[in-house]
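# Observations on the model geometry
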Amino acid sequence: MSRSVHAGPEDGWHATVSPDSQFLPEKGRYHLYIGLFCPFAHRANLVRHIKGLTDIIAISVVKPYPKGDHKGWPGWQFPQSDEEYPDATVDKLFGSKYLHEVYFKADKEYKGRYFVPALWDKKTKTLVNNESAELLRDLQTGFDSLLPPAQVRKTLYPAHLRSKIDEISAWMQRDLNTGVYKAGFAPDQETYEKNLPAVFGSLNKLEKIVHENGGPYVLGKEMTELDVRLYATLVRFDVVYVQHFKCNLGMIRREYPVLHAWLKRMYWAEPGYKETTNFKHIKENYTKSHQDINPKAITPVGPWPDIEEFYEEDYSKIKPGGVSMPEVLEHEAKL
Ligand SMILES: N[C@@H](CCC(=O)N[C@@H](CS)C(=O)NCC(=O)O)C(=O)O
């Protein structure tokens, strides 16, 4: 598959690392810029862990705040030493203060936003890709020629599940992964109330899907991209989205027992998930960088704990939950 690398200053980067692209798989050649708070960067970092790429692709981690203004300027910052903010790192390639410096090295006319995640190529000195859905897909296979057979076999997009994954990803992205932002950043009461039911309609639907498939993953026995996409949003849900984005018709830990059991298992038992989750970065990013939503920047301490510990593995013993508000049920019925 080949995409245009970067169509111009208004566009992001969409290339792939692969043996038949200009971006050949090589150990140490690529560098991934992420924020530990960001659910989209989380996707890329999770695949990096799941596929055993942590020694092949190094990372730099921006601080969770401050964020840029409404146009994104000046955007994410790196600490100037690794001690400044725990688990944020200096820019290991260039020692930059701002992530935008890296973007301007790739295109000095760049006019888009300075997003994490972003993958940099040291050899051609440019960005390869800054779109999490593409990185999630591409990093699964791009480095296979460097990996042992057991790692090569790991795929999150197996051929026989592709149509299901594509179908569910589309509404999960619209209603849940970005749905929480559409509710949380709503400029007025009416928009907020209009955008909220989709979030819980999609959760209701997912609660049933996971229950029917019997676990341990969303589609049953195989971990897929859906688990990565869902995890990155659900692990932030109770701790941030419920209060900060006012997605408070229910909590995962209270209204969604199946999704709650799934989430806890992913966090505690599935390699890569706990290691890539940092609740301090998550909580402080949202609550200390959205001045219009939380002007005093006080980070709520609860809920406590960030994630609970014990979980049921036999989903047939769990009665699925959900939110029964009529607007939510109406949305769920459309999915
Ligand atoms: N298209 C991007 C969106 C990523 C994204 O929204 N990242 C946020 C952090 S969670 C960001 O870096 N925002 C900077 C900005 O909006 O200026 C993707 O899915 O990779």
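Position numbers for residues count from 1 along each chain, tracking the sequence in the order it is written. Since the coordinates come from a predicted model, pLDDT governs what is reported: local features require at least 70, and pairs of side-chain atoms require 80 or more to be given and counted, while whole-chain, interface and lining totals use all residues. Think of the side-chain values as coming from all heavy atoms in the structure, minus any hydrogens and water.

## A short note on the overall build of the protein chain
To qualify as a helix, a DSSP run of H or I must reach at least 4 residues; to qualify as a strand, a run of E must reach at least 2; elements of each kind are numbered from the N terminus. Scanning the protein chain from terminus to terminus reveals 12 helices and four strands. Computed over its C-alpha atoms, the radius of gyration of the protein chain comes to 20 Å, within 12% of the 20 Å expected for a compact globule of 335 residues. With respect to the principal axes defined by its C-alpha atoms, the protein chain has extents near 55 × 50 × 35 Å. The 335 residues of the protein chain split such that 56% are buried. Whether two residues touch is decided by their heavy atoms; if any such pair falls within 4.5 Å, the residues are in contact. Sequence separation of at least 24 residues holds for 70% of the intrachain contacts in the protein chain that already meet a minimum separation of 6. Summed over all atoms, the accessible surface of the protein chain reaches about 15,000 Å², with 54% contributed by carbon and sulfur. Positive and negative charge centroids in the protein chain, built from 44 and 45 side chains respectively, lie 2 Å apart. In this description the radius of gyration comes from C-alpha coordinates, and the expected globular size is given by 2.2 Å times residues to the power 0.38. In this scheme, a residue with accessible area under 20% of its type's maximum is buried, one over 50% is exposed, and one in between is partly exposed, where area comes from a 1.4 Å probe on protein chains only. Surface exposure here means Shrake-Rupley accessible area, sampled with a 1.4 Å probe, where a residue is shielded only by the protein chains that are shown. Think of it this way: Lys and Arg go in the positive column, Asp and Glu in the negative one, and His and the chain ends go nowhere. Where a charge sits is defined by one atom per residue type, namely NZ (Lys), CZ (Arg), CG (Asp) or CD (Glu).

## Some details on the nonpolar core
The term nonpolar core refers to a set of buried residues drawn from Ala, Val, Leu, Ile, Met, Phe, Trp, Tyr and Cys, joined through side-chain atoms within 4.5 Å. Grouped together as the largest cluster of nonpolar side chains are 96 residues, with contacts concentrated most on Phe200, Leu203, Phe237, Cys247 and Trp262. Boundaries between domains were set according to an automatic or database domain assignment. Residue assignment places this core across two domains, with domain 1 (30-153) and domain 2 (159-334) each supplying three or more. The contact partners of Leu203, leaving out residues within four places of it in the chain, are Leu176, Leu234, Phe237, Ile252, Tyr256 and Leu259.

## Here's the deal with unusual backbone geometry
When glycine is set aside, most residues are seen to have a negative phi, and most peptide bonds are trans. Trp73 connects to Pro74 through a cis peptide bond whose omega is -5°. With respect to the element layout, Pro74 can be found in the loop between β2 (58-61) and α2 (99-106). Here the bond from Trp304 into Pro305 is cis, since omega is -5°, no more than 30 degrees from zero. Inspection of the secondary structure assignment puts Pro305 in the loop between α11 (279-289) and α12 (326-334). Notably, Asp87 is not glycine yet its phi reads approximately 70°, a positive angle.

## A word on the domain arrangement of the protein chain
Domain parsing of the protein chain yields domain 1 (30-153) and domain 2 (159-334). Computed from C-alpha coordinates alone, the two centres of domain 1 and domain 2 are separated by 24 Å. The partner domain 2 presents 30 residues to the 25 residues of domain 1 that form the contact. For the pair domain 1 and domain 2, the summed buried area comes to about 2,300 Å², and 61% of that belongs to carbon and sulfur atoms. The largest contributions to the domain 1 side of the interface with domain 2 come from His42, Arg43 and Leu46, which together make up 23% of the buried area. By definition, a salt bridge exists where a carboxyl oxygen of Asp or Glu is found within 4 Å of a side-chain nitrogen of Lys or Arg. Linking domain 1 to domain 2 there are one salt bridge. In the analysis that follows, any N or O atom pair within 3.5 Å is treated as a polar contact, provided that within protein one partner can donate a hydrogen and the other can accept it, and provided that, for residues neighboring in sequence, both atoms belong to side chains. Taken together, the links from domain 1 to domain 2 amount to 13 residue pairs in polar contact (both at pLDDT 80 or more). Ranked by residue count, the leading element in the side of domain 1 that touches domain 2 is helix α1 (residues 39-50), at eight residues. Along the lines of polarity and charge, the residues of the side of domain 1 that touches domain 2 split into 17 nonpolar, four polar and four charged. Note on terms: buried area is the combined drop in 1.4 Å-probe accessible area of two parts once they are placed together, counting the loss on both. Lys, Arg, Asp and Glu make up the charged group, whereas Ala, Val, Leu, Ile, Met, Phe, Trp, Tyr, Cys and Pro make up the nonpolar group; the residues left over, Gly among them, are polar.

## Re the packing of aromatic side chains
Side-chain rings of Phe, Tyr and Trp, where Trp is taken by its six-membered ring, are said to pair if the distance between their centres is within 6.5 Å; with planes under 30 degrees apart they count as stacked, over 60 as edge-to-face, and otherwise as tilted. A full pass over the atoms with the stated rule returns 26 aromatic pairs. Ring plane angle 80° and centroid distance 5.8 Å describe the contact between Tyr30 and Phe143, whose orientation is recorded as edge-to-face. One end of the pair, Tyr30, is in strand β1 (residues 30-34); the other, Phe143, is in the loop between α3 (132-138) and α4 (149-153), and 113 residues separate them in sequence. By the burial criterion, Tyr30 is buried, and Phe143 matches it. Between Phe200 and Phe237, the aromatic rings sit 5.8 Å apart at their centres with planes inclined by 80°, giving edge-to-face as the arrangement. Remark: Phe237 occurs in helix α8 (residues 225-241) and Phe200 occurs in helix α7 (residues 189-213); sequence separation between them is 37 residues. Ring-pair connections join several aromatic residues into one group, and the members of that group are Phe40, Tyr181, Phe185, Phe200, Phe237, Tyr241, Phe245 and Tyr286. Geometrically, a lysine NZ or arginine CZ counts as sitting over a ring once it is within 6 Å of the ring centre and also within 35 degrees of the ring normal. The ring of Tyr157 carries Arg137 above its face, with NZ or CZ at 3.5 Å from the centroid.

## Re the site of the ligand
Distances are taken per atom, and a residue is near a molecule or strand as soon as one of its heavy atoms is within 4 Å of it. Not every one of the 13 residues close to the ligand is listed here, only the nearest: Cys38, Trp76, Arg113, Glu131 and Ser132. At a separation of 2.8 Å, an oxygen atom of the ligand approaches a polar side-chain atom of Trp76. One of the side-chain nitrogen or oxygen atoms of Arg113 is found 2.8 Å away from an oxygen atom of the ligand. Starting from 520 Å² of accessible surface for the ligand in isolation, the protein chains cover 84%. Taken together, the residues that form the shell around the ligand break down as seven nonpolar, three polar and three charged.

## Quick look at the packing of helix α5 (residues 162-177) against α8
Between the N-to-C directions of two axes lies an angle of 0 to 180 degrees, each axis being a line fitted to C-alpha atoms and, for a helix, fitted only over the stretch in contact. Contact pair α5 / α8: the axes reach a minimum separation of 10 Å and the direction vectors enclose 20°. Overall, the two elements α5 and α8 adopt an arrangement that is roughly parallel. As α5 packs across α8, the resulting crossing turns out to be left-handed. Of the residues in α8, those in contact with Ile165, Ile168, Ser169, Met172, Gln173, Leu176 and Asn177 of α5 are Glu225, Leu226, Arg229, Leu230, Thr233, Leu234 and Phe237. Each residue belonging to the contact of α5 with α8 can be placed in one class, and the counts come to eight nonpolar, four polar and two charged. Any angle that falls under 35 degrees is termed roughly parallel, while one over 145 is termed roughly antiparallel, one within 65 to 115 roughly perpendicular, and all others oblique. Definitions for this section: a left-handed crossing has its near helix turned counterclockwise from the far helix by less than a right angle. A right-handed crossing has that turn clockwise.

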